[in-house]
Amino acid sequence: MALDKATVAHIAALARIRISETELDPLADELSDILTWMEQLNEVDTSGVAPMASVAAAELPMREDKVTDGGCREEILANAPRTARGFFVVPKVVE
Amino acid sequence: MSDPSLLALTLAEARDGLARKSFSARELTAAYNDAVSEIQPLNAYITPTPERALAMAEAADQRLAGGEALPLDGIPIAVKDLYCTRGVLTTAGSHILDGFHPPYESTVTDKLWQSGAVMLGKANLDEFAMGSSNTTSWYGPVENPWRRPGDNRPLVPGGSSGGSAAAVAARAALASTGTDTGGSIRQPASFCGIVGLKPTYGRCSRWGVVAYASSLDHPGPLTRTVRDAAIMLRAMSGHDPKDSTSAPMPVPDFEAALTGDIRGLRIGIPKEYRVDGMPAEIEELWQQGVEWLRAAGAEPVEIGLPMTKYALPTYYIIAPAEASSNLARYDGVRFGLRVEGDTLDDLYELTRAAGFGAEVRRRVLIGTYVLSAGYYDAYYLKAQRVRTLITRDFVTAFERVDCILTPTAPSAAFAIGEKTEDPIAMYLNDVFTVPANLAGVPAIAVPVGLSGDGLPLGLQIIGRAFDEETVLRVGEVLESAAQFRHLPSFVAGGGR
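Residues numbered from 1 in each chain as written. Chains lettered and ligands numbered in written order. Predicted model: local features only at pLDDT ≥ 70, side-chain atom pairs only at ≥ 80, totals over all residues.

(A) Layout of the overall build of chain B. Along its length, chain B carries 15 helices and 11 strands. Whereas a compact globule of 496 residues would reach a radius of gyration of roughly 23 Å, chain B reaches 21 Å, a difference of no more than 12%. Taking the principal axes of the C-alpha coordinates as reference, chain B spans close to 65 × 55 × 50 Å. A sequence separation of at least 24 residues applies to 77% of the contacts in chain B between residues at least 6 apart. (Helix = DSSP H or I, 4+ residues; strand = E, 2+ residues; numbered from the N terminus. Rg over C-alpha atoms; globule rule 2.2 N^0.38 Å. Contact = placed C-beta atoms within 7 Å.)

(B) Examining the overall build of chain A more closely. The number of helices and strands found in chain A is 3 helices and 2 strands. The C-alpha atoms of chain A give a radius of gyration of 22 Å, which is well past the 12 Å a tight globule of 95 residues would have. Each principal axis of the C-alpha distribution contributes one length, and for chain A these read about 55 × 45 × 25 Å. Burial analysis of chain A (95 residues in total) assigns 14% to the buried set. (Buried ≥ 20, exposed ≤ 12 C-beta atoms within 10 Å, placed from the backbone.)

(C) Focus on the pairing of strand β4 (residues 175–180) of chain B. All names here are of chain B. A large share of β4 lies buried, amounting to 6 of its 6 residues. As defined by bridge partners, strand β2 (residues 76–80) adjoins β4 across 3 bridges and the pair is classed as parallel. Its bridge partner being in β4, A78 is matched across the sheet by S176. Across 6 bridges, β4 lies against strand β6 (residues 218–223) in antiparallel orientation. Within the sheet, the bridge partner assigned to A175 lies in β6 and is T223. (Pairing = 2+ DSSP bridges.)

(D) Inspection of the interface of chain A and chain B at higher detail. Listed by partner, the interface residues are 40 residues for chain A and 55 residues for chain B. Mapped onto the side of chain A that touches chain B, the elements with two or more residues apiece are α1 (5–14), α2 (21–38) and α3 (73–77) of chain A. With 6 residues, the top contributor of residues to the side of chain A that touches chain B is α2 of chain A. Looking at side-chain class alone, the side of chain A that touches chain B contains 29 nonpolar, 4 polar and 7 charged residues. (Nonpolar A, V, L, I, M, F, W, Y, C, P; charged D, E, K, R; others polar.)

(E) Molecular detail of the domain arrangement of chain B. Residue and element names in this part refer to chain B. Domain annotation of chain B identifies domain 1 (4–259) and domain 2 (309–385). The distance between the C-alpha centroids of domain 1 and domain 2 comes to 28 Å. Across the boundary between the two partners, domain 1 contributes 21 residues, which contact 18 residues of domain 2. Residue composition of the side of domain 1 that touches domain 2, by class: 10 nonpolar, 9 polar and 2 charged. (Domains from an automatic or database assignment.)

(F) Representation of the environment of D430 of chain B within the structure. All names here are of chain B. Relative to the assigned elements, D430 resides in the loop between α13 (423–427) and α14 (434–439). Among the residues examined, D430 registers 24 C-beta atoms within 10 Å and is labelled buried. On a C-alpha basis, the gap between D430 and T408 in space is 8.6 Å, while along the polypeptide they are 22 residues apart.

(G) A look at the sheet that holds strand β11 (residues 456–463) of chain B. All names here are of chain B. Spatial ordering of the open sheet is given by β1-β3-β2-β4-β6-β5-β10-β11-β9-β7-β8, a layout of 11 strands whose pairing is mixed. Looking at the sheet topology across the chains shown, the edges are occupied by β1 (45–48) and β8 (299–303). Averaged over all adjacent pairs, the angle separating strand axes in this sheet is 30°, with direction ignored. Note that β2 and strand β3 (residues 118–123) share 5 bridges and pair parallel. Directly across from I77, in β3, lies its bridge partner M119. Contacting β1, β2, β3, β4 and β6, helix α5 (residues 162–169) runs over the sheet at an angle of about 155° to β4. (Axes fitted to C-alpha atoms, helices over the stretch in contact; angles between N-to-C directions.)

(H) Quick peek at the packing of helix α9 (residues 311–326) of chain B against helix α11 (residues 358–371) of chain B. All names here are of chain B. Between α9 and α11, whose axes approach to 7 Å, the crossing angle comes to 95°. When the axes of α9 and α11 are compared, the pair comes out roughly perpendicular. Where α9 abuts α11, its residues I317, P320, A321, A323 and S324 lie against R363, V364, I366, G367, T368, V370 and L371. Across the contact of α9 with α11, the residue classes break down as 8 nonpolar, 3 polar and 1 charged. (Parallel < 35°, antiparallel > 145°, perpendicular 65-115°, else oblique.)

(I) Representation of the confidence of the model for chain B. Taken as a whole, chain B shows an average pLDDT of 96; of its residues, 99% reach a score of 70 or greater. The ipTM for the predicted assembly is 0.96, set against a pTM of 0.97. (pLDDT = per-residue confidence, 0-100.)

(J) Focus on the environment of A172 of chain B. Residues and elements named next belong to chain B. Along the polypeptide, A172 turns up in the loop between α5 and β4. Sequence separation between A172 and G220 is 48 residues; the distance between their C-alpha atoms is 18 Å. In this view, A172 contacts Y32, A35, V36, I39, A44, A167 and A492; residues no more than four positions away in its chain are not counted.

(K) Spatial organisation of the nonpolar core. All names here are of chain B. Of all hydrophobic cores here, the largest spans 168 residues; its most connected members are I77, V118 and A170. If one sorts the elements of this core by residue count, α9 sits on top with 9 residues. In this view, V118 contacts A25, T29, A53, M56, A57, A60, G74, I75, P76 and I77; residues no more than four positions away in its chain are not counted. (Core = buried A, V, L, I, M, F, W, Y, C linked by C-beta atoms within 7 Å.)

(L) A look at unusual backbone geometry. Residue and element names in this part refer to chain B. Cis geometry marks the peptide bond from G159 to S160, where omega comes out at 10°. As for its position among the elements, S160 is in the loop between β3 and α5. In this structure, R171 takes a positive phi of about 60° despite not being glycine. Locating R171 in the fold gives a position in the loop between α5 and β4. Of note, Q483 is a non-glycine position whose phi angle comes to about 50°, a positive value. Tracing the sequence through the fold places Q483 in the segment after α15 (468–482). Accessibility expressed as a C-beta count within 10 Å gives 9 for Q483, which makes it exposed.

(M) View of α9 of chain B. Taking 1.5 Å per residue, 16 residues should reach 22 Å; α9 of chain B reaches 22 Å between its end C-alpha atoms and fits that length. Most of α9 of chain B is tucked away: 14 of the 16 residues are buried. (Expected span 1.5 Å × (residues − 1).)

(N) Spotlight on helix α12 (residues 376–397) of chain B. Residue and element names in this part refer to chain B. For α12, which comprises 22 residues, the first-to-last C-alpha distance of 31 Å matches the rise-based estimate of 32 Å (1.5 Å per residue) to within 8%. Of all the bends in α12, the largest measures some 25° and sits at K382. Among the residues making up α12, those that are buried are Y379, Y380, K382, A383, Q384, R385, V386, R387, I390, D393, F394 and A397. (Bend = angle between axes of the 7 residues up to and from the residue.)

Okay, structure coming up:
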């Protein structure tokens, strides 16, 4: 599968990674090579084979629905690049 | 002045020496703190923690004096900088985690400290554990303590647990923690001439370990001997309710499994592991391994693992897909690097562009693509179906054999910068290690010989799920037969 520039720009936007115009072409070539290499999986007949998400038990363990942690706002905020009055700060999102 | 002769001891010997009071934990840790400084040119540590190490050693000495010694009391170890350590900078080798001091401790490191181990510092790694050469770290490449005789070019230690492997090989840690998503414990162990163990999926908790690909990430130890790996694994293992994939299984005394008796065990030799372009010396060493195990009373059996050649492309779809989801959390808002922007999307995009290196960006983009509408079935679901077949290969093989013997890596260590141009050439390093991650089965890498140009080569034992005991037992027999006693060219304390 050959990826074009527009597709790379689209997935970069989905992944929220800014990529400069000059990087798009070389990146498209590189990613296309990797995808082409992956396509050897098409040789494998997987009809009737169930997909496997994990080797761990399919059923998640259940526990009582109660709070087991928390009450450590200051510790959490200590790692944030910008905070104000006990909150994380982001650019204005509502006009 | 600390005593460098202490650095030559294995973990088991140091444990016994501490119990006999031949030396104190403080003396042992002082020697290792000096070793950490001495090997600084290898760049194996991102953050040494010498004061914390001494304080932990003093606490261990008090317990040892009081006759209440813990299993790892006073044993100085390195921690891969992917494990969150409370109050200690944790980077994952990435710019995007600048200044991150976790307010919590990973389950595995917490267990190690509860067992009395001493933290020497945080070890360098490929960025977010993505790499096979430890050249993608924001903190610079790690150098292998080994060099080819008569050749001064620095070599890679393998990756992604490259700092963990280099530190143990250069005697600047008695053992270390690593993580193995596609070979990241076993391949660097092989490149550095030490032992690396990837346990069964679910054996060691992933809680508090920075996630790369959650269904494939396995915490495990790197050590100088198989016995040391058994000791470390016991301390690192156990059910953890905080990791929903952690297995509620009892933890055996793995050291007790090292009986040396492998008579009657059936050892699978998979013909598909004879890959094109593998050096003849690795093939010969593999044959030698078969003969060693036969001489010890085991029975080699040729087996087929027909899906082997599809393991790498399967891995390089599933791992980036999971990574693209896991790495969505690095947004410049809650921790780490932030590059300001006019809008929230600008903030995200600029932060992630500045914070992720080239290999991480490549994998996040590939992962985003294979999960995107229209391609999900063709790539991601297809890879998950092939993963089922790869796992079935192992289930079928283990109906006939007790474990499987293969080479660990298709080459010895290469020079820094040698394979970085072509991502796929780099991915091929993991050809023998990736299948065990997809199937979640345990595997150990044991150093067994030197290449023609004087570098360590390893063999791998793969076992049944939750049968690390057989893996360790056969690994130790291999180790005893191989008598690998070579030292790297750069060893702390001068190799005395």
